[in-house]
Amino acid sequence: MSNFNIALLPGDGIGPEVVAEGVKVLDAVGARFGHEFTYTEDTVGGAGIDAYGVALRDETLEMCQEQDAVFFGAVGGPKWDDPGAPVRPEQAILGLRKGLGLFANIRPVKMYDFLVDSTALKPDVVRGVDMIVLRELTGGIYFGQPQRQWEENGERHVVDTLAYAEHEIERIVRVGFELAQARRKKLTSVDKANVMASSRLWRAVVLEVAPDYPDVEVEHLLVDACTMHLISRPGDFDVIVAENLFGDILSDEASMLAGSMGMLPSASLGARSRDGTGLGMYEPIHGTAPDIQGQGIANPIAQILSGAMMLRLSLGLEAEAAAIEAAVDAVLAAGHRPADLAGPDDRPKGTAAMGDLIVAALA
């Protein structure tokens, strides 16, 4: 029996509810394949602010650095939304990404044939959608300096800085090319090169790297055009690569192609070992959903699929990851729906019930 060490960071809102279902499924797949997962749980985000005065303690970061992977829920909520607050829940995510060296965020977007009527778009538009949005995580406007607010001549001023170094762009672009090589061999690079100097460097680096991947078709799109094409022709995309802010916005837009944010997992990765594995953080792309916290109706599928990505990308357990994904497919194909995907004639399943159904399908 093999043992793996997992940092468990449930966070706020529905985070603990969906993480509990993710753990339930991980334990079930571990029992089936002969693995044991040892979890070390800690408090982050708003819960961390309440308990310790900070969103992420140094001790928590050090613990995560010693694990095989980090399984993360969600952070934030109205309680901590004061824009003037010096400490915010989201600092936990940014601190983990920076402290663990996680520069690549992979967000797969897949439309299941049996869910084509669950989106706000026409079925013919979303049918067959299967893409990855690849977002750079540790550079750009979220980390650039200076970032501050001040008063001058009786009014408030503010500055945010969008900064990138060439090596930061190159490493995320190469991840994009490698992902495309293993899929349909098309990479869409998103920028705003007609206006922004940072985007002109981004495009130049993409053009310089592209000859190393002659089998991959490269498409350059301005970010505003990309937002339109994601809605009008989403099936044309394979892998989209973008800087931090653009990738954040585009991946949330793309989530609607799958019917709900509750369906979409993500992986945040850093440097890889020779076998392709390495420390990563795995989380659903949805937020804390405080309006449904404690009601037992949150969709756990994104968290569960994040667990499958963790098995594949950090632990090297391909068959186990595929088993979870097949179990999710089987449950949805059988007509079971969480509340966020339920139609008027459906009887939605609660959070724990969806987890139980996926565990049963694993068996």
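The text that follows walks through the structure, step by step, so that each part is easy to find. Predicted model only: the values in this text are computed from it and were never measured.

**Quick notes on the overall build of the protein**
Phase 1: When its secondary structure is counted, the protein shows twelve helices and twelve strands.
Phase 2: Against the globule reference of 21 Å for 363 residues, the protein gives a C-alpha radius of gyration of 20 Å, in line with a compact fold.
Phase 3: For the protein, the spread of C-alpha atoms along the principal axes amounts to about 60 × 50 × 45 Å.
Phase 4: Counting across all 363 residues of the protein, residues that qualify as buried make up 51%.
Phase 5: The contacts of the protein with a sequence gap of at least 6 include a subset with a gap of at least 24, amounting to 75%.
Phase 6: A total accessible area of about 15500 Å² is found for the protein, and carbon and sulfur atoms account for 52% of it.
Phase 7: Charged side chains of the protein number 30 positive and 53 negative; the gap between the two group centres comes to 4 Å.

**Here's the deal with unusual backbone geometry**
Phase 1: With omega at 5°, the peptide bond leading from Q145 into P146 counts as cis.
Phase 2: Within the secondary structure, P146 sits in the loop between β5 (130–136) and β6 (148–152).
Phase 3: The phi dihedral of N153 is positive, around 55°, even though this residue is not glycine.
Phase 4: Position of N153 relative to the elements: it lies in the loop between β6 and β7 (155–159).
Phase 5: Its identity is not glycine, yet K185 carries a phi of approximately 65°, on the positive side.
Phase 6: Take K185: it is sitting in the loop between α6 (166–181) and β8 (186–191).

**Quick notes on the packing of helix α10 (residues 301–313) against helix α11 (residues 318–333)**
Phase 1: Between α10 and α11, the shortest axis-to-axis distance is 7 Å and the interhelical angle comes to 160°. Comparing their axes, α11 and α10 come out roughly antiparallel. The two elements α10 and α11 cross, and the hand of that crossing is left-handed. Of the residues in α11, those touching α10 at I301, I304, L305, A308, L311 and R312 are E318, E320, A321, A322, I324, E325, V328 and L332.
Phase 2: Here the contact of α10 with α11 is built from residues that sort into ten nonpolar, no polar and four charged.

**Considerations on the sheet that holds strand β3 (residues 69–74)**
Phase 1: Spatially, ten strands are ordered β2-β1-β3-β12-β11-β4-β5-β10-β8-β9 in an open sheet, and the strand pairing comes out mixed. The outermost strands of the open sheet, each flanked by one partner alone, are β2 (35–41) and β9 (217–222). For this sheet the average axis-to-axis angle between neighbouring strands, irrespective of direction, equals 25°.
Phase 2: Where β3 and strand β12 (residues 280–284) come together, two bridges link them in parallel fashion. Counterpart to V70 in the pairing with β12 is M281.
Phase 3: Docked against the sheet, α6 engages β4 (104–110), β5, β8, β9 and β10 (239–242), running at close to 165° with respect to β5.

**Section: α11**
Phase 1: Between its first and last C-alpha, α11 extends 22 Å over 16 residues, near the 22 Å set by a 1.5 Å rise per residue.
Phase 2: Considered for burial, the residues of α11 that qualify are E320, A321, A323, I324, A327, V328, V331 and L332. One side of α11 holds all its buried residues, which, seen down the axis, span an arc of 165°.
Phase 3: Residues of α11 that are buried sit in contact with α1 (15–33), β2, α10 and α12 (351–362).
Phase 4: Two residues or fewer after α11 comes G335, characterised by a positive phi angle close to 100°.

**Describing the pattern of salt bridges**
Phase 1: For the structure shown, the criterion picks out 22 salt bridges.
Phase 2: The residue R127 makes a salt bridge to D124 at a minimum N-O spacing of 2.9 Å.
Phase 3: The exposure class of R127 is partly exposed, given its relative accessible area of 42%.
Phase 4: In this structure, the salt-bridge partner of D130 is R183, at a minimum N-O distance of 3.5 Å. Placement of the pair is D130 in strand β5 and R183 in the loop between α6 and β8, with a sequence separation of 53 residues.
Phase 5: A single network of salt bridges, built from pairs that share partners, joins D130, R183, R184 and D238.

Rules and cut-offs
Residues numbered from 1 in each chain as written. Predicted model: local features only at pLDDT ≥ 70, side-chain atom pairs only at ≥ 80, totals over all residues. Heavy atoms only, no water. Helix = DSSP H or I, 4+ residues; strand = E, 2+ residues; numbered from the N terminus. Rg over C-alpha atoms; globule rule 2.2 N^0.38 Å. Buried < 20%, exposed > 50% of the residue type's maximum accessible area, 1.4 Å probe, protein only. Contact = heavy atoms within 4.5 Å. Areas by Shrake-Rupley, 256 points an atom, 1.4 Å probe, with all protein chains shown as cover. Lys, Arg positive; Asp, Glu negative; His and termini not counted. Charge placed at Lys NZ, Arg CZ, Asp CG, Glu CD. Axes fitted to C-alpha atoms, helices over the stretch in contact; angles between N-to-C directions. Parallel < 35°, antiparallel > 145°, perpendicular 65-115°, else oblique. Left-handed = near helix turned anticlockwise from the far one by under 90°. Nonpolar A, V, L, I, M, F, W, Y, C, P; charged D, E, K, R; others polar. Pairing = 2+ DSSP bridges. Expected span 1.5 Å × (residues − 1). Arc of directions from axis to C-beta. Salt bridge = Lys/Arg side-chain N within 4 Å of Asp/Glu carboxyl O.

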